[in-house]
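Below, each chain spelled out in residue letters.
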Amino acid sequence: MRNVFLIGPMGAGKSTIGRLLARELKYPFKDSDREIEARTGADIPWIFDVEGEEGFRQREEAMIAELTAENGIVLATGGGVVMRPANRKALAEGGLVVYLRTSVEQQLQRTAKDRQRPLLQNADPEKVLRELMAKRDPLYREIADLIIDTDQRGPKVVVNAIISRLQDSAN
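Reference entry: report on the structure contained in this document. (Residues numbered from 1 in each chain as written. Predicted model: local features only at pLDDT ≥ 70, side-chain atom pairs only at ≥ 80, totals over all residues. Heavy atoms only, no water.)

### Focus on the environment of Gln106
Counted only if it meets this: Numbering of helices and strands runs from the N terminus, with a helix taken as a DSSP run of H or I at least four residues long and a strand as a DSSP run of E at least two residues long. Remark: exposure states derive from per-residue accessible area (1.4 Å probe, protein chains only) relative to the maximum for the residue type, with buried under 20%, exposed over 50%, and partly exposed in between. Residue contacts follow a heavy-atom distance rule, with two residues in contact if any of their heavy atoms lie within 4.5 Å. For this analysis, a polar contact is any N or O atom pair within 3.5 Å, provided that within protein one partner can donate a hydrogen and the other can accept it, and provided that sequence-adjacent residues contribute only side-chain to side-chain pairs.
Relative to the helices and strands, Gln106 is located in helix H5 (residues 104-111). Its relative accessible area of 7% is what places Gln106 among the buried residues. Sequence spacing of Gln106 and Leu20 is 86 residues, and the spatial spacing of their C-alpha atoms is 20 Å. Setting aside residues no more than four positions away along its own chain, Gln106 makes contact with Asp151 and Gln152. A distance of 3.2 Å separates polar atoms of two side chains, one belonging to Gln106 and the other to Gln109.

### A closer look at the pattern of salt bridges
Defined as follows: Salt bridges are defined as contacts in which a side-chain nitrogen from Lys or Arg sits within 4 Å of a carboxyl oxygen from Asp or Glu.
According to the stated counting rule, one finds 16 salt bridges in the structure shown. With a shortest N-O distance of 3.0 Å, Glu93 and Lys89 are connected by a salt bridge. Of the two residues, Glu93 and Lys89 are both situated in helix H4 (residues 85-94); the distance of four residues between them amounts to about one turn of the helix. In this structure, Asp149 and Arg101 form a salt bridge, with 2.6 Å as the shortest nitrogen-oxygen distance. With a gap of 48 residues between them, Asp149 in strand E5 (residues 146-149) and Arg101 in strand E4 (residues 95-101) connect regions that are remote in the sequence. Several salt bridges share partner residues, and in doing so they unite Asp31, Arg34 and Glu37 into one network.

### Details of the environment of Val128
Position of Val128 relative to the elements: it lies in helix H6 (residues 125-143). For Val128, a relative accessible area of 17% puts it in the buried group. Separated by 48 residues in the primary sequence, Val128 and Gly80 place their C-alpha atoms 13 Å from one another.

Below, the structure is given as structure tokens:
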């Protein structure tokens with residue numbers, strides 16, 4: 001049983017799509033951010049406040065190393081997971097990597113009311129999202145086995161597209 005790892009920017013739908021995909025594949029679903037929160041007993045914004053982004057990224061790297069060693073899971077990752085080479089290597093070697101691509105405009109719509117995203121708690125979230133996308137998009141593409149667009153597509157449509165592509169690659 002091969003792992004399926006979902007990568008992409010915040011607001012791409014990794015967690016929602018991951019849960020649905022896991023149900024369809026009959027795999028357990030894991031979300032690296034939720035796993036970090038469960039282990040630490042603290043939410044991501046609190047970890048960012050207390051430990052800074054670097055502290056969070058260290059925790060994330062340890063969690064990715066552990067989760068990518070599992071077998072037959074669907075894993076939703078945080079948007080910045082690709083910033084560390086060790087994470088990219090673990091994801092690329094540990095399963096099928098699906099990049100859920102979305103536009104900055106769609107990200108803004110999907111994250112507008114979400115206070116759980118520390119990097120967007122500032123005066124110009126659009127500027128932040130554009131800067132993040134410029135840095136991260138090439139890294140998402142570097143390790144992606146599949147690229148699936150999520151703009152203007154419901155989660156079930158995206159899940160069906162992923163499953164269709166998985167079946168095509170298995171044949």
